[in-house]
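# Per-entry structural report
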Amino acid sequence: MEKERECEVAIVGGGITGTALLYMLSRYSSVRKIILLEKNRRFAEINSSSENNSQTLHFGDIETNYSFEKAKIVKEAAEMVVSYVKGRNRDLFRVTHKMVLAVGQEEVAELRDRYERFKALFPNLRLLGRKEIELLEPRVVAGREPGEEILALCSEDGYAVNFQKLSESFVLDSLKEEKEVEFLLSARVKEIRREKDFYLLVADEGLVRARAVAVAAGPHGLIFAQSLGYGTKSGILPISGGFYRAENVLRGKVYTMQVDKLPFAAIHGDPDVVDPRETRFGPTAKVLPLLERGSYRTFFDFLRTSAFTLDGVWSLLKIVSDWVILKYVIKNLAYDLPILGKWFFLRDARKIVPLLKYADLSYLRGVGGIRPQVVDTRTKKMEMGSAKIIGDKAIFNITPSPGASVCLKNAEEDAKMLVGFLGEGHRFKEDKFKEDFLAKINS
Ligand SMILES: Cc1cc2nc3c(=O)[nH]c(=O)nc-3n(C[C@H](O)[C@H](O)[C@H](O)COP(=O)(O)OP(=O)(O)OC[C@H]3O[C@@H](n4cnc5c(N)ncnc54)[C@H](O)[C@@H]3O)c2cc1C
């Protein structure tokens, strides 16, 4: 007979999204019994691992694809992370300068215009000309054609965050509350069943009976949602991102201007949060039919996310055949060619560091995750924002946007929703929450 556990809320997935929710629920809600199930032996080993993402706390100031409205929302979310990490162990984060670099007349004009529109929202943002950029980042200017116009938007408040350590910190903090918090590691959830007024989670570790469920299992969340009849008009376009490394090239984060139509960041150079002597360039963006990088068994999971339906196949083909995206896909495929691939990447990386040499770069094998880009199979278009499906007493987080930076804001929203699902007798502790977050943000 399989062991059966009971709880008020079950969380599936122990990445940054699931652990932030665990923290939020245990500290700021009246929910007493929470179980988190994670299929791996450790927390945050997939996209939230420090190796697999760009480690940037996005505020919307140097992300030139964000509208003013989106930047406002992301800024608020990122400030919550800052207020959490401030004063904590330094292995969680590092503060560096960060900039977005415009190269050439057209980009420079666009960036100037953006500065005017965004400066009220980001008062610490400064426009830097060639000389000032050189002082901060000598290698961005060295060797650049004197006639090439450059301009940067820069802030001293750039945060590089180790989202894996942050996840572990959320878990440890959740244990400090007087709650019944249980973690089941190496516990893959195979099925979620709706049974009268509760959910039954069938996992490697036995059965879990929960009054409400929050799935934070990345693209796998869509499979669970669809098995319960939700999100049936959504599919996933998995975009894997890889990185190259070089030694001691940049002192802070240097982003490039965003390509319109693309929902993910253009390549940038960042000092690694664990070893800042290493500069990571990337991420590349390659369409890959997997839900987890390096895990070939997830090919079959990918097929289950409506990739195998007529609408699903048609949507993916339609998106990828858009000329801007197709060009981007081909360029990124070219990065994989033996010997030549690194040359192609180098050409793009030289937009940031003109004197970068072939020998300076080495590909980081096995590093980088997959961004599950949600696709609407009715409109056959990518959904550009976050993707969350809400069911009856169930939440499915697929792509929090932008990724890990919004983990606490996303968790706040989910925690409030879950408290509402549980109904009478349950509440979100707004006063304590405001005291912890808003007071610190305003200080
Ligand atoms: C190349 C790249 C660069 C990025 N850069 C940034 C950045 O600079 N800043 C930023 O904010 N975001 C960035 N992101 C996005 C960010 O990494 C992700 O959005 C974020 O890590 C998602 O967290 P998550 O917890 O939702 O998913 P994950 O971290 O993937 O966690 C999901 C968890 O669910 C578990 N799981 C899956 N299925 C099951 C199951 N059946 N049963 C139990 N457990 C299960 C997995 O093992 C995993 O631990 C980047 C992503 C990529 C790929």
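The structure under discussion appears in the preceding block.
Residues numbered from 1 in each chain as written. Predicted model: local features only at pLDDT ≥ 70, side-chain atom pairs only at ≥ 80, totals over all residues.

### Description of the overall build of the chain
On a plain count of helices and strands, the chain comes out with 14 helices and 20 strands. For the chain, the C-alpha radius of gyration of 22 Å lies close to 22 Å, the compact-globule estimate for 443 residues. The principal-axis extents of the C-alpha atoms in the chain amount to approximately 70 × 55 × 35 Å. The buried share among the 443 residues of the chain stands at 47%. If you take every contact in the chain between residues at least 6 apart in sequence, the share linking residues at least 24 apart comes to 76%. (Helix = DSSP H or I, 4+ residues; strand = E, 2+ residues; numbered from the N terminus. Rg over C-alpha atoms; globule rule 2.2 N^0.38 Å. Buried ≥ 20, exposed ≤ 12 C-beta atoms within 10 Å, placed from the backbone. Contact = placed C-beta atoms within 7 Å.)

### Some details on the nonpolar core
Counting 90 residues, the largest nonpolar core has Val9, Ala10, Leu37 and Val161 as its most contacted members. Non-local contacts of Ala10, meaning those with residues more than four positions away in its chain, are made with Ile35, Leu37, Tyr199, Leu201, Val208, Ala210 and Val213. In this structure, Ile133, Leu250, Phe281 and Tyr335 belong to the second largest nonpolar core, which totals 33 residues. (Core = buried A, V, L, I, M, F, W, Y, C linked by C-beta atoms within 7 Å.)

### Some points on the site of the ligand
The environment of the ligand is made up of 41 residues, and the closest members are Gly13, Gly15, Ser54, Gly241 and Gly403. Of all elements in the fold, only helix H1 (16–28) and strand S17 (370–376) reach the threshold of two or more residues within the shell around the ligand. Looking at which element gives the most residues to the shell around the ligand, the answer is H1, with three residues. Grouping the amino acids of the shell around the ligand by side-chain chemistry returns 14 nonpolar, 22 polar and five charged. (Near = placed C-beta within 6 Å. Nonpolar A, V, L, I, M, F, W, Y, C, P; charged D, E, K, R; others polar.)

### Description of helix H6 (residues 163–175)
In a regular helix each residue adds 1.5 Å, so 13 residues correspond to 18 Å; H6 covers 19 Å between its end C-alpha atoms and thus fits that length. The complete set of buried residues in H6 reads Phe163, Gln164, Lys165, Leu166, Ser167, Phe170, Val171 and Ser174. Residues of H6 that are buried make contact with H1, helix H2 (68–85), strand S5 (150–161) and strand S6 (180–184). (Expected span 1.5 Å × (residues − 1).)

### Brief notes about the sheet that holds strand S16 (residues 362–363)
Judged by pairing direction, the sheet is mixed, and its eight strands sit side by side in the order S4-S5-S3-S12-S13-S14-S11-S16 without closing on themselves. Two strands close off the open sheet at either side, each with one partner strand: strand S4 (126–128) and S16. Note that S4 and S5 share three bridges and pair antiparallel. If you follow Leu128 over to S5, its bridge partner there is Ala152. (Pairing = 2+ DSSP bridges.)

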